[in-house]
Amino acid sequence: MALPSALRPPLRRLCPLSALLSSRPAGNKTDGQRKVKTAGEWCSLPGSSWEQRLADAVTPLWRLSYREQLQVKYESQKKILQTLTSCLEERGRDIQKPGGLCCPLQPVVPSPIINGYRNKSTFSVNQGPDGNPKTVGLYVGTGRARNIVCVKANHMENIPPKHKQVAQCYEEFIRGSPLDPCILFHQGGHWRELVVRTTSRGHTMAVVTFHPQALGQEALAAQKALLKEFFTCGPGAACALTSLYFQESTMTRCSHEQSPFQLLHGEPHIFEEVLGLKFRISPDAFFQVNTAGAEVLYQAVRELSQAGGDTVLLDICCGTGTIGLSLAHQVSKIIGIEVVEKAVEDARWNAAFNGISNAEFHAGKAEVTLPQLLSAWEDARPLIAVVNPSRAGLHYRVVRAIRNCSAIRRLLYVSCKPEGEAMRNFLELCCPPDAGRKLVGEPFTPTLAIPFDMFPHTAHCELVLLFTR
């Protein structure tokens, strides 16, 4: 199945990656750059500036033209499909197609926006290149190697100016605070990471994470008041925040249920528009990081689903409901499942606000909710599933429930890391029946693979795999 011409990238004839890279003019290479073993990854040599080291660590393809970036990513996705094909052959599924892959691989669909595309950025607080422990930026180095340096992200091409502005203001605030940053929990300190979210409607949300240590409620209230004053009446007012949140957290990551997000200023939500629908976004709700790219991806999912008016669509790991709700007008019913309760609240609000009455959303772990739902499934309507999990992939019980539900004949798997745990999911969906592992349903077959460049300048892209049976 081919994509509509509007979604096809301009890159049509693909040459080998090695030839592409070797054909680059020598003047395009920068001192301090060398090719490493993994295709498409670059690292910095000693002598590179801290800004170059950060760019190489976070956006390793930034030195390449965008056409070259797409070529690198195509070759990477091709290797992933080659691995899937080989693994399926080892398990007795010989489904190799012309070209040596288990299914056709479309060229990478380019991002409509190449620079400043991120709608969410997370900034850390740690020691900078100058030794200042109150530096707000992104990490170079690793905790394991004990060589972390926090470098300001002002030069990063994937981060929009608004995010950089909020990060700079947060750094100014904490540098003026008598409280120390919290770099290692057991060493004390308080100021931690900053999350900035923005939308195409001009909304900006900032979430500040703070370790309370032994501070009492009165001292905590004073710090929150100072933070609010800085961003509403002080230098930070230039950021024009729509929402300012504060979270007290004693863990690396905290959900709203574990430690509530406290609204210090502004509106409780920001809003985004995707494919003509309005979506409400909470502090910790999942939303595709590249909004313009997400619209292209969702349009393709809509077409690939081939959903008719009598179809029931399962939207698994649905987040705020963006994929399911974008298909609501062409299906009979949407059933969404999401583990983050606040995201489910947003999804329900999104459905109601957009006048969508044929959608229901369930809060809970997919590995618990989906098997219960499908075990009692008696609906005769066609059933299509769309899954969009995190990098950790789907829980085995989710894959088993999908595999063993004979009503599901068409499955769209949207993966941000297909070479990781998602590969295990692909194999479990497609391997021959295995009674010992309770994979007794008819196996799926990969039918089409389409990579979407949701992350320009990085080595990553989103892979949509269509499975049928």
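> Is there a simple way to think about the overall build of the chain in this case?
Of regular secondary structure, the chain possesses 11 helices and 18 strands. The 469 residues of the chain split such that 54% are buried. Accessible surface for the chain amounts to roughly 19,900 Å². Of this, 51% is attributable to carbon and sulfur atoms.

> I tried to follow the pairing of strand 3 (residues 120-126) on my own but got confused; where do I start?
For a regular strand, the rule is simple: side chains alternate between the two faces of the sheet. Among the 7 residues in strand 3, 5 count as buried, and that is most of the element. Direction of pairing for strand 3 relative to strand 6 (residues 191-198): antiparallel, over a ladder of 4 bridges. From the neighbouring strand, K120 faces strand 6, where its bridge partner is R197. Pairing analysis gives 3 bridges linking strand 3 to strand 4 (residues 135-140), with the strands arranged antiparallel. Across the sheet, S124 pairs through a bridge with G137, a residue of strand 4.

> Looking at this structure, I do not really get the sheet that holds strand 7 (residues 204-210). What am I missing?
With mixed pairing, the 7 strands of this open sheet are ordered in space as 5-4-3-6-7-8-9. Pairing within the sheet leaves two strands with one partner each, and these edge strands are strand 5 (149-151) and strand 9 (262-266). Going from strand to strand, the sheet's axes swing by 35° on average, the running direction of each strand aside. Across 4 bridges, the pairing between strand 8 (residues 243-248) and strand 9 is antiparallel.

> Teacher, can you tell me more about the packing of aromatic side chains here?
The geometry of an aromatic ring pair is captured by two quantities: the separation of the ring centres and the angle between the planes. The final tally for this structure, using the stated rule, is 11 aromatic pairs. Ring plane angle 75° and centroid distance 4.8 Å describe the contact between W191 and F210, whose orientation is recorded as edge-to-face. A residue pair is termed long-range when its members are at least 10 positions apart, and W191 in strand 6 and F210 in strand 7 qualify at 19 residues. Like W191, the residue F210 is buried in the burial classification.

> Could you clarify how one ought to interpret the nonpolar core in this entry?
Nonpolar side chains tend toward joint burial in soluble globular proteins. If you look at the biggest cluster of nonpolar residues, it comprises 47 residues, and the most contacted ones within it are L297, L325, F361 and F452. For this core, the element with the highest residue contribution is helix 6 (residues 291-305), accounting for 7 residues. For L297, the contacting residues outside a window of four places in its chain are V414, F452, M454, E462 and V464. One finds C102, I316, V387 and C405 within the second-largest nonpolar core, a separate group that totals 46 residues.

> Hey, could you run me through the pattern of salt bridges in this one?
Close approach of charged atoms lets side chains of opposite charge pair. Inspection of the entire model under this criterion finds 14 salt bridges. Residue E442 is joined to R409 by a salt bridge in which the shortest nitrogen-to-oxygen separation is 3.0 Å. You can see E442 sitting in the loop between helix 11 (421-430) and strand 17 (445-452) and its partner R409 sitting in strand 16 (residues 408-415), a full 33 residues away along the chain. Under the relative-accessibility criterion, E442 is labelled partly exposed at 40%. Of the residues examined, R409 reaches a relative accessible area of 35% and is grouped as partly exposed. Counted as one network, the salt bridges with shared partners bring together E421, R424, E428 and R437.

> How do you make sense of unusual backbone geometry when you look at a structure like this?
Among all residues except glycine, the phi angle is most often negative; among peptide bonds, the trans geometry is most common. Positive phi is not limited to glycine here, since A240 has a value of about 50°. In this fold, A240 is placed in the loop between helix 5 (217-232) and strand 8. The backbone of Q306 sits at a positive phi, close to 50°, despite the residue not being glycine. Mapped onto the elements, Q306 comes out in the loop between helix 6 and strand 12 (312-316).

> Can you walk me through the packing of helix 4 (residues 161-175) against helix 5 in this structure?
Two quantities define a packed helix pair, namely the angle between the helix axes and the distance between the axes. Two numbers describe how helix 4 lies on helix 5: the axes approach to 11 Å, and their chain directions differ by 135°. Classified by the interaxial angle, the pair formed by helix 4 and helix 5 is oblique. Of the two elements, helix 4 crosses helix 5, and the hand of that crossing is right-handed. Taken together, the residues of helix 5 that come into contact with helix 4 (itself represented by V166, C169, Y170, E172 and F173) are L226, L227, F230 and F231. Split by residue class, the contact of helix 4 with helix 5 holds 8 nonpolar, no polar and 1 charged.

> I'm lost on the pairing of strand 15 (residues 383-387) in this one. Help?
The element strand 15 is extensively covered by neighbouring structure, given that 5 of its 5 residues are classed as buried. Burial of the side chains of strand 15 extends over both faces: L383, A385 and V387 are buried on one face and I384 and V386 on the other. Sheet topology places strand 12 next to strand 15; 5 bridges connect them, and they run parallel. Pairing of L314 across the sheet is with A385, part of strand 15. Of the pairings in the sheet, the one linking strand 15 to strand 16 comprises 5 bridges and is parallel in character. Of the residues in strand 16, the one forming a bridge with A385 is L411. Handedness of the crossover is the feature at issue here: the chain leaves strand 15, passes through helix 10 (residues 396-403), returns alongside strand 16, and the resulting connection is right-handed.

> Looking at this structure, I do not really get the packing of helix 3 (residues 66-90) against helix 11. What am I missing?
Where helix 3 meets helix 11, the closest approach of the two axes is 10 Å, and the angle between their N-to-C directions is 40°. On the basis of the axis angle, helix 3 is oblique to helix 11. Pair helix 3 / helix 11 crosses with right-handed handedness. Here helix 3 contributes I80, T83, L84, C87 and L88 to the contact with helix 11, which in turn contributes M423, F426, L427 and C430. Class assignment of the residues belonging to the contact of helix 3 with helix 11 gives a composition of 8 nonpolar, 1 polar and no charged.

> What exactly am I supposed to notice about the environment of V108 here?
Here V108 is to be found in the loop between helix 3 and strand 3. The class for V108 is buried, based on a relative accessible area of 3%. Considered as a pair, V108 and E75 are 33 residues apart in the sequence and their alpha carbons are 9.7 Å apart.

> Looking at this model, I keep getting lost on the sheet that holds strand 16. Mind explaining?
The strands making up a sheet associate through hydrogen bonds between their backbones, and the pairing can be parallel or antiparallel. Taken together, 7 strands build an open sheet; the order of strands is 14-13-12-15-16-18-17 and the sheet is mixed. Edge positions in the sheet fall to strand 14 (359-363) and strand 17, since each of these pairs with one other strand and no more. Across the sheet, the mean angle separating the axes of adjacent strands is 15° when strand polarity is ignored. Along the sheet, helix 6 makes contact with strand 15, strand 16, strand 17 and strand 18 (462-468), crossing strand 16 at roughly 165°.

Rules used in this analysis
- Residues numbered from 1 in each chain as written.
- Predicted model: local features only at pLDDT ≥ 70, side-chain atom pairs only at ≥ 80, totals over all residues.
- Heavy atoms only, no water.
- Helix = DSSP H or I, 4+ residues; strand = E, 2+ residues; numbered from the N terminus.
- Buried < 20%, exposed > 50% of the residue type's maximum accessible area, 1.4 Å probe, protein only.
- Areas by Shrake-Rupley, 256 points an atom, 1.4 Å probe, with all protein chains shown as cover.
- Pairing = 2+ DSSP bridges.
- Axes fitted to C-alpha atoms, helices over the stretch in contact; angles between N-to-C directions.
- Phe/Tyr/Trp six-rings, centres within 6.5 Å; stacked < 30°, edge-to-face > 60°.
- Core = buried A, V, L, I, M, F, W, Y, C linked by side-chain atoms within 4.5 Å.
- Contact = heavy atoms within 4.5 Å.
- Salt bridge = Lys/Arg side-chain N within 4 Å of Asp/Glu carboxyl O.
- Parallel < 35°, antiparallel > 145°, perpendicular 65-115°, else oblique.
- Left-handed = near helix turned anticlockwise from the far one by under 90°.
- Nonpolar A, V, L, I, M, F, W, Y, C, P; charged D, E, K, R; others polar.
- Right-handed = clockwise from strand over helix to strand, strands pointing away.

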